[in-house]
Amino acid sequence: MGFFQDLLHTSRVKSPWLIHFDCGSCNGCDIEVLACLTPVYDVERFGILNIGNPKHADILVVTGTVNPRNAKALKNIYDQMPDPKAVIAIGACGTSGGVFREAYNVLGGVDKVIPVDVYVPGCPSKPEAIIDGVVLALEKLKKRRPEKDTEPLVADLKKAREFYENREDRQVTR
Amino acid sequence: MDFKTISFVILAIILAPLAGGLLAGIDRRLTAWFQGRFGPPILQPFYDVIKLLGKEPQVVNYWQIFCVHIYLIASILCVALFAMQADLLMIFFVMTIGAVFMVVGALATPSPYSQLGAQRELIQMLTYEPLLIIVFVGIYFVTGSFKIDDILAYERPIFLALPLLYLVLTFALTIKLRKSPFDISASHHAHQELVRGVLTEYSGPYLAILEIAHWYDIVLILAICSLFWSTSWIGLVILLAVTYMAEIIIDNVTPRMTWKWMLTYVWAVGISLSFFNMALLYAKSF
Amino acid sequence: MLAPQLIGISIALPFIAAVLCLINVKPLRSALVIGTGVVVSVASLALMQSETISFTPESFLGINPDGLIAILDFALLFVILGIAYRMKNKLIAVLTLLQIVPLAFLELFMHPGENIGPALYVDQFSVIMCMVISIVGSLICVYGLAYMKEHEHHLKLATSRQGRFFFFMVLFLGAMNGLVFSNNLLWLYFFWEVTTFCSFMLIKHDDTEIAVKNATRALWMNMLGGVAFVLALIIFRSQGLPLSLQEIITAESASKLILLPVGLLCFAGFTKAAQLPFQSWLCGAMVAPTPISALLHSSTMVKAGVYLVIRLAPAFAGTVFSNYVALFGAVTFLGAAVLALSQSNGKKILAYSTISNLGMIVACAGINTPAAMAAAVLLIVFHAISKALMFLCVGTIEQHIGSRDIEDMRGLINVMPRTTMVAVIGIVTMFLPPFGALLSKWMAVEASAHLPLVVLMLAVGSALTMVFWGRWLGLLMTSVVPEKAPQAEAQSCFIRLPLLTLAVAAVLISFVAPGLYTSMVLPVLERFYDTDLYISARGVISNNIGMFTLYPVFVVMTLGVIYAVRASSSKRLIKRGDYVTPYVCGLQDSGDSRKLGFKGPLGVWADFKTSNWYMESLIGESRITGWINLVAIGILIILLAGVF
């Protein structure tokens, strides 16, 4: 039994399938994500595939600040990914909204909508940093059991929501 | 059905997916080498499948699950029948059970990608099926039987009598292996385009089952290729290695073409090559 | 009961019951139809046990049967002449006269009764045909009881026409039985013309303009076959040959003296079986109510045409003519398959698929080897069962949803779950192993392997059938998991019983195909061939070039289906209580998560809509029918010229 568990955990680490979603990014971080796939960085040697379908994917890589319109799409895609899954927010925008945080249409980062596992800062993030982020996410993903480990994430989400609800109080300019 | 046959069948059923997975891994490694990078380890397909088996099942429709299992069972049955040295044409028809149910599973979901992918998969089936039947008829011409035990008993390698028909078989092989320029349905490389059509609505364990069934299919079609040089082991290995290498090279140098081009080109060239080969055979026998 | 009595009952009882069906008392009619069906079915099953038997009935109710049939024959022809006069249709009148005058000449001056031998000859092939006609035919008539009631309610008819309907349907059963038992060619001709007449009257049953037009077309094409038939009889008599089927096929030499009339008889068979270029009458006949399409135009009447061709096959074995028949059948198979691909009308798809399969039977008769003949006979049986089942399903579906277009059948599993499952079984038994229709196709392809053009056309046509059946099978299931399990639709037991019986029969009889072959088909083949016969042993059917392991595949696939059903049972899945919607790039936003569609540009909601591509511009009926007919006519001319 333990052998099969270890085999499953090893396979999860060795075969992470990404889906990349752009939530209003300037495409700087997207280009860096794409650069990871090129022969210079070659993430396929880690088994990473950029699969375009959330139903096949393990890791959701999100760039860009999120706005109300594509927040619904982001939530939809996150829901369509089967467990166990992980979310990586790339770039300053994805982490916290970056320089656009106070804008009227910006929600201010991915974690306002879905629970995030790894934040990769940078503007844009370097490919090496992105790969490091994926490795960290894999560590979290490795032992995650479908359905059983989503409670803490949901609690995080609630905190994030409350932070967002109160953003007008923190707004500097109107 | 003696003990030797039964043990051979069980061995075939157990080893076929392992061989198929290794071949898929070698494929990815070689492709990466052509593209100037390292590529994943050879055992990568097994990691993929095991990871998928450990994911939560998610379906749109329970009919999808039924179809996936029928596809797997039909593919396993084909390999078992081949190991039992049954009739080639019957094995072909049993293979169509799996192929049709894969399409039906994709058609069962109201998703634009899977509907489109299913129709393209049907066109793919339409393209290679007549060719496979023609190849089997050609083998019958040379060896006088459709049964595999009679074919294996033929003294000379069939490849020497039917070289052009082997080319026709490689067309069917390219389509079955989902390689360019004939990968109009669920291509290996372009995951994003048409979102891999037939496979869109499958996830987790069902995607793993589809992959394993595909491995069985790879082994079956390569086994049919191996019939063309069944007289010596070295010849067989060389033939299969050269064929597979050629498939990978062609995959990497050609783009994906339209289905209209594929249908007309494959039928025209395939049927002409077969008739030419048959004419050569008739001429030789005079 | 002795075989002669059973045979007599099979032929005569439906004639009598048909007349009684005209009485407009509902329970009496239902009892008559069901009773006749049960009796002829049991009689046909009982005939399975008997040996080959040939005899001439002494008298029928005190009248000499030869004379009776001759009188009825002329009466029928004059009735048709009268109909032609009333419809002011010169073509049919001419064709009928072309039969009356030569027939009179034949009867009066050519001593038709000379050396004729027994009038009825019943071997295992006749008994198989009788079983198909009686059992499948009776089930369809029972189905008709409920279907026609709903049909007439739908059309809001003042007076019921069901008396007329059942008169012709039951009469037709008797005529078909007579046809397959006849050895005397004059008797066969009579029953042949009765089926033509029944077909005409039944196609125009609804009395709409288009029904009358299509019925007329069916009539003149079948009359053309009738003319060829009479011409063949005259040529036989002019050579001094007796008008006995068995005498002709066992005659010493296949000289052109025999080949020309045999060719004309085959031509008559082609018109009745709606081969190219005569397929338009069968497609036009689809306007008739579904039981008619099921009985006449897929399971039985069209099988009479190929029955005659198969019976005559030993007469032209080994000739060039035989190769041309094979080519002609293969062209029909391919042409009809291409046309079926372009159709979205469910009944038209079934019609073209029928023509296609009949073409394959004709091709097998032309190939004329024991393997091919086995394929032909088995294909008759399995195609009749599965196609009748499909027609009945389409009829039921049409009455429920009001359309026969397969695009409207998308997602039918949630609307009519029971009928959809039966339709799924029907489609699967039509084209997938290990069922009988595919077993016969496998035999046919292997048998034709030495004729390159024929096997090429069979291969391409077979691939085409996968496409149109596969996509029909898939679209029946297009759906998402509904909130509540769909309720089983209400169905009269007269509809449910035939559907379920045919579905179970399609599967079970496929399973006992080896036994059926050994007991019923092999004895007939052994009369004519002694090598290269298929032998069935322990569920494996094999001959010198091929082998079909039926029982192993059947058992494994059954276990597989049971396993797959268990794996997909809903209780073990979807633990979250939700299901997932299809992937449309995340644009699913809508309050109701079960609403299928996506938010398009400008926030406009777009519903999910999909459709098959029928390639109208490439292979549409109007585009290629002309070309295909031209090719078929060309081959027919070469075929008939090839007797010389």
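Read on for an overview of the structure. (Residues numbered from 1 in each chain as written. Chains lettered and ligands numbered in written order. Predicted model: local features only at pLDDT ≥ 70, side-chain atom pairs only at ≥ 80, totals over all residues.)

Structural notes on the overall build of chain B
Part 1: Helix and strand content of chain B: 11 helices and 0 strands.
Part 2: Starting at the N terminus and walking to the C terminus, you meet the elements of chain B as α-α-α-α-α-α-α-α-α-α-α.
Part 3: For 286 residues, the compact-globule estimate of 2.2 N^0.38 gives 19 Å, and chain B sits close to it at 19 Å.
Part 4: Taking the principal axes of its C-alpha atoms as reference, chain B extends roughly 60 × 50 × 40 Å.
Part 5: Within chain B, buried positions represent 58% of all 286 residues.
Part 6: Pairs at least 24 apart in sequence give 75% of the contacts found in chain B among residues at least 6 apart. (Helix = DSSP H or I, 4+ residues; strand = E, 2+ residues; numbered from the N terminus. Rg over C-alpha atoms; globule rule 2.2 N^0.38 Å. Buried ≥ 20, exposed ≤ 12 C-beta atoms within 10 Å, placed from the backbone. Contact = placed C-beta atoms within 7 Å.)

What to know about the sheet that holds strand 4 (residues 86-90) of chain A
All names here are of chain A.
Part 1: With parallel pairing, the 5 strands of this open sheet are ordered in space as 2-1-3-4-5. Only two strands of the sheet have a single neighbouring strand rather than two, namely strand 2 (49-50) and strand 5 (118-120).
Part 2: Inspection of the sheet shows strand 1 (residues 17-22) paired to strand 3 (residues 59-63) by 5 bridges, in the parallel sense. Directly across from Phe-21, in strand 3, lies its bridge partner Val-62. (Pairing = 2+ DSSP bridges.)

Overview of the interface of chain A and chain B
Part 1: Between chain A and chain B, the residue contacts involve 22 residues of the former and 25 residues of the latter.
Part 2: When contributions to the side of chain A that touches chain B are tallied by element, the ones reaching two or more residues are helix 1 (2-14) and strand 2 of chain A.
Part 3: Counting residues per element, the side of chain A that touches chain B draws most heavily on helix 1 of chain A, at 5 residues.
Part 4: Across the side of chain A that touches chain B, the residue classes break down as 7 nonpolar, 7 polar and 8 charged. (Nonpolar A, V, L, I, M, F, W, Y, C, P; charged D, E, K, R; others polar.)

Examining the environment of C:Pro498
Residue and element names in this part refer to chain C.
Part 1: Among the secondary structure elements, Pro-498 is positioned in helix 20 (residues 493-511).
Part 2: Sequence separation between Pro-498 and Ile-133 is 365 residues; the distance between their C-alpha atoms is 14 Å.
Part 3: Excluding anything up to four places from it in sequence, Pro-498 contacts Leu-139, Ile-140, Val-142, Tyr-143 and Leu-392.

Focus: helix 15 (residues 346-367) of chain C
All names here are of chain C.
Part 1: Given a rise of 1.5 Å per residue, 22 residues ought to cover 32 Å, and the 32 Å separating the end C-alpha atoms of helix 15 matches this to within 8%.
Part 2: With 22 of its 22 residues buried, helix 15 lies for the most part within the structure.
Part 3: Positive phi appears at Asn-368, one or two residues downstream of helix 15, with a value of about 60°. (Expected span 1.5 Å × (residues − 1).)

Considering unusual backbone geometry
Part 1: Geometrically, the link from A:Cys123 to A:Pro124 is a cis peptide bond, its omega value of 0° lying close to zero.
Part 2: Relative to the elements of secondary structure, A:Pro124 occurs in the loop between strand 5 and helix 5 (127-142).
Part 3: Omega for the peptide link from C:Pro433 to C:Pro434 comes to 0°, which places this bond in the cis form.
Part 4: If you check the backbone angles, C:Asn368 has positive phi at about 60° while not being a glycine.

Looking at the sheet that holds strand 4 (residues 540-542) of chain C
Residues and elements named next belong to chain C.
Part 1: A sheet is described by the order of its strands in space; here 3 strands give the open sequence 3-4-5, paired in antiparallel fashion. Two strands in the sheet have a free side with no partner beyond their single neighbour: strand 3 (535-537) and strand 5 (547-549). Across the sheet, the mean angle separating the axes of adjacent strands is 15° when strand polarity is ignored.
Part 2: The pairing of strand 4 with strand 5 spans 3 bridges and is antiparallel. Paired with Val-540 across the strands is Thr-549, a residue of strand 5.
Part 3: Here helix 22 (residues 550-567) sits on the sheet in contact with strand 4 and strand 5, set at roughly 30° to strand 5. (Axes fitted to C-alpha atoms, helices over the stretch in contact; angles between N-to-C directions.)

Some points on the pairing of strand 3 of chain A
Residues and elements named next belong to chain A.
Part 1: The buried fraction of strand 3 is high, at 5 of 5 residues.
Part 2: Burial of strand 3 is two-sided: the residues Ile-59, Val-61 and Thr-63 facing one way and the residues Leu-60 and Val-62 facing the other way are all buried.
Part 3: Pairing of strand 3 with strand 4 involves 5 bridges; the strand directions are parallel. Residue Leu-60 lies in a different strand from strand 4, and its bridge partner there is Val-87.

Here we look at the interface of chain C and chain B
Part 1: Counting residues at the interface gives 51 residues for chain C and 52 residues for chain B.
Part 2: Broken down by element, the residue count for the side of chain C that touches chain B peaks at 14 residues, all from helix 19 (residues 452-475) of chain C.
Part 3: Here the side of chain C that touches chain B is built from residues that sort into 38 nonpolar, 11 polar and 2 charged.

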